[in-house]
Amino acid sequence: MPHVPWYRRKDYKHIRSIMDDADQFPETFDEWEKTAKRRLASATAAGVTIQPVILDPGEFLAYCKAKNFSARGDRERNMFARASARDLKKAASDQA
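Description of the structure in this document. Quantities reported herein were computed from a predicted structural model and do not represent experimental measurements. (Residues numbered from 1 in each chain as written. Predicted model: local features only at pLDDT ≥ 70, side-chain atom pairs only at ≥ 80, totals over all residues. Heavy atoms only, no water.)

## Comments concerning the pattern of salt bridges
Here the structure, examined in full by the defined rule, presents eight salt bridges. Put simply, aspartate 56 and arginine 8 hold a salt bridge, and the shortest N to O gap is 2.8 Å. With a gap of 48 residues between them, aspartate 56 in the loop between β2 (51-54) and α3 (57-66) and arginine 8 in the loop between β1 (3-6) and α1 (12-18) connect regions that are remote in the sequence. The exposure class assigned to aspartate 56 is partly exposed, which follows from its relative accessible area of 21%. Note that lysine 37 is salt-bridged to glutamate 33, the shortest N-O span being 3.5 Å. A residue pair is termed a helical-turn pair when its members lie 3 or 4 positions apart in one helix, as lysine 37 and glutamate 33 do in helix α2 (residues 29-45) at four residues. The exposure class of lysine 37 is partly exposed, given its relative accessible area of 47%. Members of the salt-bridge network, linked through shared partners, are Arg8, Asp11 and Asp56. (Salt bridge = Lys/Arg side-chain N within 4 Å of Asp/Glu carboxyl O. Helix = DSSP H or I, 4+ residues; strand = E, 2+ residues; numbered from the N terminus. Buried < 20%, exposed > 50% of the residue type's maximum accessible area, 1.4 Å probe, protein only.)

In structure tokens, the structure reads:
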């Protein structure tokens, strides 16, 4: 299942401030959320299930540092989302 980074309202300004491609982000959280929900709905209508994964700015920065990423853009956000989803799945199976 594909995973995509998902943002919280409270983090949106901070996220935009740490991303190299911040100029590609909508100005406001509301604009971003509207577009993101529309994309998820389109994917669902096409039969594709996409799992949103919360991108916490602090965790994302720590991840980028640990991986020695020199950039913080779309590629890095998607890698973080996939890694976070794997971590969540592993933690859930460890508790079972």
